[in-house]
Amino acid sequence: MAYLPVFFLFFNNIVSLQEVLLLESVYYISVVFIEVPSGYFSDKIGRKKTLIISSILFILSYLVFGLSYSFMTLASGQVLLAAAISFRSGTDTSFFYESIVDAGKEEEYGQREASVQSWIQIASAIAVLIGGFLGSINLYLPYYLSAAIVSPALIVCFYFTEPGLKQKESEPFFKQLLICFQYLKNPQLLWLFIFSVLMYAMTHIPYEFYQPYLKLLEARGDLGIMDAAIASGLLYAGTRFIAAYAAKMSVTWTERFGIYKVLFVAIIIQAFIIGMLGTVLSMYIVLVVLFRNFSMMMTSAPINAVIAPVVHANQRATYFSIQSLAYRLSFAATLIFLALPFGDGHVTDWPALAWMLRTSLFAAVICMILLFIKVPKA
């Protein structure tokens, strides 16, 4: 995903601010129709085929973005991207966990998941660093690079071995959904589900708005010889490298301090980042974005380590897909709400950006208080 440091700049160069937020909503709403069926497809048909389809959809989406010059073509790319990520989400975690179990190393899953998450952050850091520099030359180039990078992943998928863990055929679709929702009768799974939805929205607020923040700094001359694309690539790469450490240490911290203390610290960090960004426009303040992924990676492996052993293999990808759908629906609603007060201007000004960040923080703090009033037993 080498395009990540410039996607907002890329969209806003073609369409208005309001349409940028609507394009993001197109992505999240598309997930409504794709996310859960793709998880069921994975449970029914298999992990390997699902990951092959995901890789193909990633390549197609990047090529469509690379040919986009209008809202409609960008929206088409967003739908394909939503499909690609939907087919991957849940399936990658299930595939890895089931492969670990097949290898007889189930007790090592938490640490191995943390290690994988760490390497993902390092690889992403390198990709976005290059993408930021390419974006300063031409905002289309990071999408072509993303297509080139993901192409070998398609080849790798054909060499995967399908895990042999499943013991029976998956249930019919709607019965499968009902079974997955019944897992939420478990107080810990329900609490982690709600926490994950809130954490997803909070980590994506700075992700969504730090690029226009940098653009305002560039317009004011605060970035020096850099433009917003290069600064974004450097910042995003730093974010990923720092997050790699958090991912690697996340299970160790959880074992030492307990999962709920780790989750509380992570969400407080995220609230602090949103609050600082919404307070003042400054090159020094934008550096807090470096820790956006740090808090998210503190939580990812520990939460997966709790969920994966509890949910049966025949429902695992469907359950993770339902969870991912809840993430994206909540954030889509957030984006639509934040877009409502603004017109069709292409330029994002500081009062508009500050309002969106402060409003997001206020809503997040209320949800945090309600969530942490009572936590279930680990």
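Residues numbered from 1 in each chain as written. Predicted model: local features only at pLDDT ≥ 70, side-chain atom pairs only at ≥ 80, totals over all residues. Heavy atoms only, no water.

1. What about the overall build of the protein chain?
Across its full length, the protein chain carries 14 helices and zero strands. When the helices and strands of the protein chain are placed in sequence order, the string is α-α-α-α-α-α-α-α-α-α-α-α-α-α. By the compact-globule yardstick of 21 Å for 378 residues, the protein chain fits well, its C-alpha radius of gyration being 20 Å. A principal-axis box enclosing the C-alpha atoms of the protein chain has dimensions of 60 × 45 × 35 Å. For the protein chain, with 378 residues in total, the buried portion stands at 57%. A total of about 15,800 Å² of accessible surface is found on the protein chain, and carbon and sulfur atoms cover 70% of it. Averaging the locations of the 23 positively and 21 negatively charged side chains of the protein chain gives two centres separated by 7 Å. (Helix = DSSP H or I, 4+ residues; strand = E, 2+ residues; numbered from the N terminus. Rg over C-alpha atoms; globule rule 2.2 N^0.38 Å. Buried < 20%, exposed > 50% of the residue type's maximum accessible area, 1.4 Å probe, protein only. Areas by Shrake-Rupley, 256 points an atom, 1.4 Å probe, with all protein chains shown as cover. Lys, Arg positive; Asp, Glu negative; His and termini not counted. Charge placed at Lys NZ, Arg CZ, Asp CG, Glu CD.)

2. Some words on a nonpolar patch on the surface
A surface patch of nonpolar side chains, about 760 Å² in accessible area, is lined by Ile29, Val32, Phe33, Leu329, Ile336, Phe337, Leu340 and Trp355. Turning to its location among the elements, Leu340 is positioned in the loop between helix H13 (313-339) and helix H14 (350-372). (Patch = residues over 30% accessible without salt bridge, like charges linked within 9 Å, V, L, I, M, F, W, Y side chains within 5 Å. Salt bridge = Lys/Arg side-chain N within 4 Å of Asp/Glu carboxyl O.)

3. Things to note about the pattern of salt bridges
If charged atoms from side chains of opposite charge come close, those side chains can pair. As enumerated under the stated definition, the model contains six salt bridges in all. With a shortest N-O distance of 2.8 Å, Arg47 and Asp43 are connected by a salt bridge. Of the two residues examined, Arg47 and Asp43, each falls in the buried class. Between Asp92 and Arg88 there is a salt bridge whose closest N-O contact spans 3.9 Å. On the basis of relative accessible area, Arg88 is assigned to the partly exposed category, the value being 31%.

4. Some thoughts on the environment of Arg112
Inspection of the secondary structure assignment puts Arg112 in helix H6 (residues 109-137). C-alpha separation for the pair Arg112 and Phe96, spaced 16 residues apart in sequence, amounts to 9.4 Å. Dropping the residues within four chain positions of it, Arg112 is found in contact with Phe96, Ile100 and Lys105. (Contact = heavy atoms within 4.5 Å.)

5. A short note on H13
Its 27 residues place the ends of H13 40 Å apart at the C-alpha level, agreeing with the 39 Å of an ideal helix rising 1.5 Å per residue. For H13, the tally of buried residues reaches 21 of 27 residues, placing the bulk of the element in the interior. (Expected span 1.5 Å × (residues − 1).)

6. Concerning the side chain of Asn12
With respect to the element layout, Asn12 can be found in helix H1 (residues 7-14). On the basis of relative accessible area, Asn12 is assigned to the buried category, the value being 14%. Within the local environment of Asn12, its side chain forms a polar contact with the backbone oxygen of Val15, the two atoms lying 3.1 Å apart. (Polar contact = N/O pair within 3.5 Å; in protein donor to acceptor, adjacent residues only side chain to side chain.)

7. Some thoughts on the environment of Cys180
Checked against the element boundaries, Cys180 lands in helix H8 (residues 173-182). Owing to a relative accessible area of 1%, Cys180 belongs among the buried residues under this scheme. Once the C-alpha coordinates of Cys180 and Val262 are considered, the two residues, 82 residues apart in sequence, prove to be 26 Å apart. In this structure Cys180 touches Gln315, Thr318, Tyr319 and Ile322, once residues within four positions along its chain are discounted.

8. Some thoughts on the packing of aromatic side chains
Enumeration according to the criterion identifies 31 aromatic pairs in this entry. Residues Tyr213 and Trp350 carry aromatic rings whose centres are separated by 5.8 Å and whose planes lie at 80 degrees to one another, so their mutual orientation is edge-to-face. A residue pair is termed long-range when its members are at least 10 positions apart, and Tyr213 in helix H9 (residues 187-219) and Trp350 in helix H14 qualify at 137 residues. For Tyr213, a relative accessible area of 0% translates into the label buried. Ring geometry for Phe264 against Phe372: centres 5.1 Å apart, planes inclined by 75 degrees, an arrangement best described as edge-to-face. Here Phe264, found in helix H11 (residues 259-277), pairs with Phe372, found in helix H14; they are 108 residues apart in sequence, far enough to count as distant. Among the aromatic side chains, those forming a connected cluster through ring pairs are Tyr3, Phe7, Phe8, Phe10, Phe11, Phe58, Tyr62, Phe65, Tyr69, Tyr140 and Tyr143. (Phe/Tyr/Trp six-rings, centres within 6.5 Å; stacked < 30°, edge-to-face > 60°.)

9. A short note on the side chain of Ser360
With respect to the element layout, Ser360 can be found in helix H14. On the basis of relative accessible area, Ser360 is assigned to the buried category, the value being 9%.

10. Here's the deal with the packing of helix H5 (residues 91-102) against H13
A pair of packed helices is captured by two measures, namely the crossing angle of their axes and the spacing between those axes. Relative to each other, H5 and H13 sit at 150 degrees, their axes nearing to 8 Å. Of the possible angle classes, the one that applies to H5 and H13 is roughly antiparallel. For the element pair H5 and H13, the recorded crossing hand is right-handed. Between H5 and H13, the contacting residues are Thr91, Thr93, Ser94, Tyr97 and Glu98 on the first element and Ala313, Arg316, Ala317 and Phe320 on the second. Looking at the contact of H5 with H13 residue by residue, the class counts come to four nonpolar, three polar and two charged. (Axes fitted to C-alpha atoms, helices over the stretch in contact; angles between N-to-C directions. Parallel < 35°, antiparallel > 145°, perpendicular 65-115°, else oblique. Left-handed = near helix turned anticlockwise from the far one by under 90°. Nonpolar A, V, L, I, M, F, W, Y, C, P; charged D, E, K, R; others polar.)

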